[in-house]
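Residues per chain, in single letters:
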Amino acid sequence: MKVQFLGAAQTVTGSCYMIEANGVRFAIDCGMHQGNTEIEKRNDDTEIYRPSDIAFFLVTHAHIDHTGLLPAMTRNGFTGPIYCTEPTADLLGIMLQDSAHIQEMEAEWQSRKLSRNGRIKKVEPLYTTEDATRAAEMLRPVDYGNSFEPSSGIRVTYKDAGHILGSAFLELEVTENGRPTRLVFSGDLGRPDALIVNDPQKAAPADYLFLESTYGDRDHKDPRFSRDELAEAIAYSYGNGEKVIIPAFAVERTQEVLYTLYLLHKEGRLPADMPVFVDSPLAIRATEIFRKHPKYYDDNMKKLVDSGEDPLALPNLKYTLNTQDSQALNVRSGPAVIISASGMCNAGRIKHHLRHNLWRPGASIVFVGYQGVGTPGRKIVDGNATVRLFNEDIAVKAKVFTIGSFSAHAGQSQILEWVSAFAHPQMEVFLVHGEEKAQTTLAGLLRERFNLPVSIPGYLEEVTLKPGRESLHQTDEARAHPDVDWEFLLAETEGKVAQLRKRLAGVEKRPWVEQTDIRERLVEINGELLHFLSQL
């Protein structure tokens, strides 16, 4: 049996684990890569997935970093079933369409930009809404705990991962040559006592564990204090007549924040005249899907709903579906809470809200989820004095709150507790979905506490699994991490500076207005260079 890591390998996006066993090729998840330009170029490299050779997909949950390339697979030849839970199927019905619309708009924008530059070239989207529709038609809902065989000799069981509504970790039993091999893929593992969803179920003993490690180096704050911190942010901005800006993923995080605001309202800690806006069409539609699946709620949520309460509603809650209403929020005076996507501030309407509020000393920016390396959200959390949005440096003067206990991911201690229920020295662990520091820390703890063999595979790495023997690892390093030719880049830069000096010789003889135009452009370039240097 072989497993290749096509994403979420020493990163936290692009989850996809391609498996070859019993003459069948299938994958766990197929997520979109998110981050800097080089990371996102991986989305275009669909060739490495060989979509037409994939028999089926097993999807752990609906988040785009686990599912966002499914339409690209259908566009490039995949025709098999996609298994997932019922809530995941409903959420994907809207999320893949939303993602496809973004791809189409981005391609259209790039095409217009090239045309303005005199280059007539039509840029094709990564996939279209038609591709997303085809992917949704291939979804096959399954229930927690009901084992099934998508192919001969491959038995799959979905269990509740407690991450978001309908999320799952997967137990696989692959029988080759009469010998069963048991694998567990954690997907994104939730934290105990989270709002709305149940705690993660326990996994059965396995030969191999593919374990997420997002928070492998730290625990979350005590969840009992998260509501107090949100109340503090609200009181701070309300007192200053400014807005509370909450970047939140459309699925689960937005609903958790609404639930928490509902509790603050009941406690009298949400001012009655402070409106709450959900400014994300996707989040609005996702909230309706949450209401459709009460059997997946935890006991506390079920009790509230059964008593006639709606924890996802507020007296002063308003939804902004269209662009005009969203734009109006940025010229609206007075305090308000604005929940908007994306959660890492790298796309969507949240960027506009940050542009209009990040520089205001009385405003609050409340982060309620993980911020990936290179994203605007991470730069704000890390304490950058300015953040670049829409080609403009925006000063960070608002008060920044980071409420880690809202995270839908298990913290370090919670990961270790979950593993302890089925760990044994013969179980080999592969750490996925994490950054270097988190993975290195967690690997050390797993070895120390449970005497487990632990690997941290890289992008495109392939392992051959043979229970009872050491796994064989190989990778195409040149393709996974192409070398950066720094000498060439620096020589190019120095050459352009030399050309600039040469062409500016005698510039003082040109008309004064022309000189000032050239000066303004050069000052702008120097500003860009200074900003770049400050990031090194």
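You'll find the structure just up there.
Since we're looking at a predicted model, the values are computed, not measured. (Residues numbered from 1 in each chain as written. Predicted model: local features only at pLDDT ≥ 70, side-chain atom pairs only at ≥ 80, totals over all residues. Heavy atoms only, no water.)

### With respect to the overall build of the chain
- A tally of helices and strands in the chain yields 17 helices and 23 strands.
- For 536 residues, the compact-globule formula gives about 24 Å, and the C-alpha radius of gyration of the chain, at 25 Å, lands near that figure.
- The dimensions of the chain, computed from C-alpha atoms along their principal axes, are 85 × 60 × 45 Å.
- A separation threshold of at least 6 residues defines the contact pool for the chain, and within that pool the share at least 24 residues apart is 74%.
- Carbon and sulfur atoms form 50% of the exposed surface of the chain, whose accessible area is close to 24700 Å². (Helix = DSSP H or I, 4+ residues; strand = E, 2+ residues; numbered from the N terminus. Rg over C-alpha atoms; globule rule 2.2 N^0.38 Å. Contact = heavy atoms within 4.5 Å. Areas by Shrake-Rupley, 256 points an atom, 1.4 Å probe, with all protein chains shown as cover.)

### Description of the nonpolar core
- Within the largest apolar cluster, 81 residues are counted, with the highest numbers of intra-cluster contacts made by L261 and I339.
- What L261 contacts, discounting residues up to four positions off in sequence, is L230, I234, L270, V276, L314, V337 and I339.
- Counting residues in each nonpolar core, the second largest holds 31 residues, with V24, F26, L172 and V432 among its members. (Core = buried A, V, L, I, M, F, W, Y, C linked by side-chain atoms within 4.5 Å. Buried < 20%, exposed > 50% of the residue type's maximum accessible area, 1.4 Å probe, protein only.)

### Notes on the pairing of strand β3 (residues 24-28)
- Most of β3 sits out of view: 5 of its 5 residues are buried.
- Every second residue of β3 is oriented toward a common face, with V24, F26 and I28 on one face and R25 and A27 on the other, all of them buried.
- Here strand β2 (residues 16-21) runs beside β3; their pairing, made up of 5 bridges, is antiparallel. From the neighbouring strand, I19 faces β3, where its bridge partner is F26.
- In this structure, β3 lies alongside strand β4 (residues 57-58), joined through 2 bridges in parallel fashion. Paired with A27 across the strands is F57, a residue of β4. (Pairing = 2+ DSSP bridges.)

### What to know about the sheet that holds β4
- Reading across the sheet, the 8 strands line up as β6-β5-β4-β3-β2-β1-β22-β23 and stay open at both edges, with mixed pairing between neighbours. Pairing within the sheet leaves two strands with one partner each, and these edge strands are β6 (139-142) and β23 (472-474).

### A few points about a positive patch on the surface
- Taken together, the side chains of K113, R116, R119 and K121 define a basic patch exposed on the protein surface.
- In this fold, K121 is placed in the loop between α4 (86-116) and α5 (129-137).
- Given a relative accessible area of 55%, K121 falls into the exposed group. (Patch = residues over 30% accessible without salt bridge, like charges linked within 9 Å, V, L, I, M, F, W, Y side chains within 5 Å. Salt bridge = Lys/Arg side-chain N within 4 Å of Asp/Glu carboxyl O. Lys, Arg positive; Asp, Glu negative; His and termini not counted. Charge placed at Lys NZ, Arg CZ, Asp CG, Glu CD.)

### Remarks on the side chain of T46
- In this structure, T46 sits in the loop between α1 (37-40) and β4.
- Taking relative accessible area as the criterion, T46 reaches 12% and is therefore assigned buried.
- Beyond its immediate stretch of four places on either side in the chain, T46 contacts P51, A72, M73 and N76.

### Brief notes about the pattern of salt bridges
- This model, assessed by the stated rule, comprises 31 salt bridges.
- Where E256 meets R191, a salt bridge forms, and the shortest distance between an N and an O atom there is 3.3 Å. Residue E256 is found in helix α7 (residues 253-267), and its partner R191 is found in the loop between β10 (179-185) and β11 (208-212); the two are separated by 65 residues along the sequence. This pair shows no difference in class: E256 is buried, exactly as R191 is.
- In this structure, D217 and K437 form a salt bridge, with 3.1 Å as the shortest nitrogen-oxygen distance. Of this pair, D217 sits in the loop between β11 and α6 (226-239) while K437 is found in helix α14 (residues 436-450), placing the two residues 220 residues apart along the sequence.
- Since its relative accessible area comes to 17%, D217 is described here as buried.
- Residue classification places K437 among the exposed residues on the basis of a relative accessible area of 58%.

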